[in-house]
Amino acid sequence: MIVLGLETSCDETAAAIVDDGRRILSNRVLSQLAEHRPYGGVVPEIAARSHLDHLDRLIAEALDEAGMRLDELDGIAATAGPGLIGGVFVGVLTAKAIAAARRLPFLAVNHLEGHALTVRLTDGIAFPYLLLLISGGHCQLLAVEGVGKYRRYGSTIDDAVGEAFDKTAKMLGLGYPGGPAVERAAAGGKAGCFTLPRPMKGRPELDFSFSGLKTALRQQAESLNLEDAQAVSDLAAEFQQAVAEVLSDRVTGALRRFARETGQPGPLVVAGGVASNLTLRSALEETAAAAGSGFHAPPPALCTDNGAMIAWAGLERLQLGLVDPLDFAPRPRWPLDDPTLARDA
C-alpha cells in the first residue's frame, strides 16, 4: 500500500508519500516561520492562506520526488484535527477533492495520532507502549494499545510544555520560535544559578502543570538584565532542567502504572515537537533505562509537524479498513482517547 499524507494543522505545510514497507518515498515540508516571526507567534489567518498558496505545489513535488502518479496511490490522508481550523480545512478539502476525482479512499487522520504512530514507521515497534506526547499545544501520557486505542494516564491541567518554552523565549528576548531558541541559550548556561519550581513533582497523579513555572520565570526575568547574555543562558538552562525533571518524574510514575497494567516495563515513546529537544530526550532516555524500559523517539525532523506521519497513520488505518466518508467534518478539538477513533480497529 502507498498513501499520500497532507499536514496543514498549524504553521507547516507538508505533503509526503509512504508505503507499507515503512519507506518514506518523499517528504516535503514548507515552514511558515518567516511569515509569523514579526508577530511572535502563529497567526491563524496567515497560516491558512499560506497553506492554500503552497499545498498544491508541495503535492506535485512529493509525487515527483517519489516518481509516482496519483493513480498509483492507494489512499489520501489528511490531518482532520485538532488544529487551527482554517488550515485543517485546506488540507481536508484538498485530500477529499483528490480522493473523489481519483476514486481513492479518504483517510481523516487525527494529528496527535500521527505523532503517536510515527515511531512505528521509524522503529517498527509493536503495541502496546507508553507515549509521552509533548508539543506546543499538548502534553499527555497515554497507553497506546493499537490504532485508535489510547488510554490517557495524565495531561496538562493548564499550559502545554511547548507553550511554556515559547513564553520563556519571549520573556528572555530570545526570539521565535521559542523552543529551539531556549535550547540554544541553555546550552551555554548552567542550571542552578537561579531557582525555579518543579510543579507537580512527586505527586501521585500523573498530570502536568507549567503555569507556575512560567510565572516564577517571569518574576526572575523581570529583575534580570536581558543584555547579560550569560545570565539569560543560566536562567534558560534552569528552566530547561526544571522541565526535564518534571517530565522525568511524571514518566517514572506512568511507567510503573503501565507495568502494572500490561505486565511489561515499557517501552517509552516520546513524540511531538518538543521531543526534538536533545536535552529532554537524553533525560527521558535515562529515566526509561532506570525503569528497565526501552526508549524510542522519532528523529528530530519527524518530531515536528510533517506529512510522513500523517501518511503513515493513514496507511495504518487503511490497512484496518478505517476509511472515512467524504462528508467527514474537520475537528478543531479531537482528543486521542476519543472512542470514535477506534471504531472497528
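Residues numbered from 1 in each chain as written. Predicted model: local features only at pLDDT ≥ 70, side-chain atom pairs only at ≥ 80, totals over all residues. Heavy atoms only, no water.

### Quick word on the overall build of the protein
Of regular secondary structure, the protein possesses eleven helices and ten strands. Computed over the C-alpha atoms, the radius of gyration of the protein is 20 Å, within 12% of the 20 Å expected from 2.2 N^0.38 for a compact globule of 345 residues. Each principal axis of the C-alpha atoms in the protein carries an extent, and together these give about 60 × 50 × 30 Å. For the protein, the share of sequence-separated contacts (at least 6 apart) that also reach a separation of at least 24 residues comes to 72%. Each charge class in the protein can be summarised by its mean position, and for the 32 positive and 42 negative side chains these summaries are 3 Å apart. (Helix = DSSP H or I, 4+ residues; strand = E, 2+ residues; numbered from the N terminus. Rg over C-alpha atoms; globule rule 2.2 N^0.38 Å. Contact = heavy atoms within 4.5 Å. Lys, Arg positive; Asp, Glu negative; His and termini not counted. Charge placed at Lys NZ, Arg CZ, Asp CG, Glu CD.)

### Some words on the sheet that holds strand E3 (residues 24-31)
One open sheet holds the five strands; their spatial order is E3-E2-E1-E4-E5, and the pairing between them is mixed. With partners counted over all chains shown, the strands left at the sheet margins are E3 and strand E5 (106-110), one partner each. On average, each strand axis in the sheet is tilted by 20 degrees relative to the strand beside it, whichever way the strands run. Where strand E4 (residues 75-81) and E5 come together, five bridges link them in parallel fashion. In the sheet register, Gly 81 faces E5, and the bridge partner there is Asn 110. Packed onto the sheet, helix H11 (residues 307-319) meets strand E1 (2-7), strand E2 (12-19), E3, E4 and E5 and runs at close to 45 degrees relative to E2. (Pairing = 2+ DSSP bridges. Axes fitted to C-alpha atoms, helices over the stretch in contact; angles between N-to-C directions.)

### Focus: the sheet that holds strand E9 (residues 268-271)
Two strands in a sheet stick together by hydrogen bonds in their backbones, pointing the same way (parallel) or opposite ways (antiparallel). Strand order in this open sheet of five strands is E8-E7-E6-E9-E10, and the pairing throughout is mixed. The sheet terminates laterally at strand E8 (149-155) and strand E10 (295-296), the two strands that pair on one side only. Bridge analysis of strand E6 (residues 129-134) against E9 gives four bridges, and the strand direction is parallel. Counted as the bridge partner of Leu 130 is Leu 268 from E9. Strands in contact with helix H4 (residues 111-122) are E6, strand E7 (139-146), E8, E9 and E10; relative to E6, the strand with the most contacts, it is inclined by about 130 degrees.

### Side note on a nonpolar patch on the surface
A cluster of nonpolar side chains, contributed by Ile 85, Phe 89 and Leu 93, occupies part of the molecular surface with about 260 Å² of accessible area. You can see Leu 93 is positioned in helix H3 (residues 85-102). (Patch = residues over 30% accessible without salt bridge, like charges linked within 9 Å, V, L, I, M, F, W, Y side chains within 5 Å. Areas by Shrake-Rupley, 256 points an atom, 1.4 Å probe, with all protein chains shown as cover. Salt bridge = Lys/Arg side-chain N within 4 Å of Asp/Glu carboxyl O.)

### Some details on the side chain of Ser 209
Summarising the element assignment, Ser 209 is placed in the loop between helix H6 (178-187) and helix H7 (211-222). Looking at Ser 209, the relative accessible area reads 10%, which means it is buried. Separated by 2.6 Å, the side chains of Ser 209 and Asp 158 make a polar contact. Among all residues touching Ser 209, those that are not within four sequence positions of it are Thr 156, Ile 157, Asp 158, Pro 199 and Met 200. (Buried < 20%, exposed > 50% of the residue type's maximum accessible area, 1.4 Å probe, protein only. Polar contact = N/O pair within 3.5 Å; in protein donor to acceptor, adjacent residues only side chain to side chain.)

### So, unusual backbone geometry
The amide bond that connects Phe 127 to the next residue, Pro 128, takes the cis arrangement and shows omega of -5 degrees. At the junction of Gly 266 and Pro 267, the peptide bond is cis and its omega measures out at 5 degrees in the coordinates. Looking at the secondary structure, you find Pro 267 in the loop between helix H8 (229-262) and E9. Phi at Arg 103 takes a positive value of approximately 55 degrees, unusual for a residue other than glycine. Mapped onto the fold, Arg 103 is located in the loop between H3 and E5. Among the residues examined, Arg 103 registers a relative accessible area of 80% and is labelled exposed. Of note, the phi angle at Met 200 is positive, near 75 degrees, even though the residue is not glycine.

### A word on the pairing of E2
Counted residue by residue, E2 has eight buried out of eight residues, so it is predominantly covered. What you see with E2 is no split at all: Glu 12, Ala 14, Ala 16 and Val 18 on one side and Thr 13, Ala 15, Ile 17 and Asp 19 on the other are buried throughout. When E1 meets E2, the two strands line up antiparallel, connected through six bridges. By the bridge assignment for E2, Gly 5 is matched with Ala 16. Where E1 folds back onto E2 in an antiparallel hairpin, the turn is made up of four residues.

### Things to note about the packing of helix H5 (residues 161-171) against H8
A pair of packed helices can be characterised by two numbers: the angle between their axes and the separation between those axes. Direction vectors running N to C along H5 and H8 enclose 170 degrees, while the axes themselves pass 11 Å from each other. It follows from the interaxial angle that H5 and H8 lie roughly antiparallel. The segment H5 lies against H8, with Val 161, Ala 164, Phe 165 and Thr 168 engaging Phe 239, Gln 240 and Val 243. Looking at side-chain class alone, the contact of H5 with H8 contains five nonpolar, two polar and no charged residues. (Parallel < 35°, antiparallel > 145°, perpendicular 65-115°, else oblique. Nonpolar A, V, L, I, M, F, W, Y, C, P; charged D, E, K, R; others polar.)

### Regarding the pattern of salt bridges
Counted under the stated rule, the structure contains 23 salt bridges. Between Arg 317 and Glu 113 there is a salt bridge, with the nearest N and O atoms lying 3.1 Å from each other. Remark: Glu 113 occurs in helix H4 and Arg 317 occurs in helix H11; sequence separation between them is 204 residues. Glu 113 gets classed as buried once you look at its relative accessible area, which sits at 0%.

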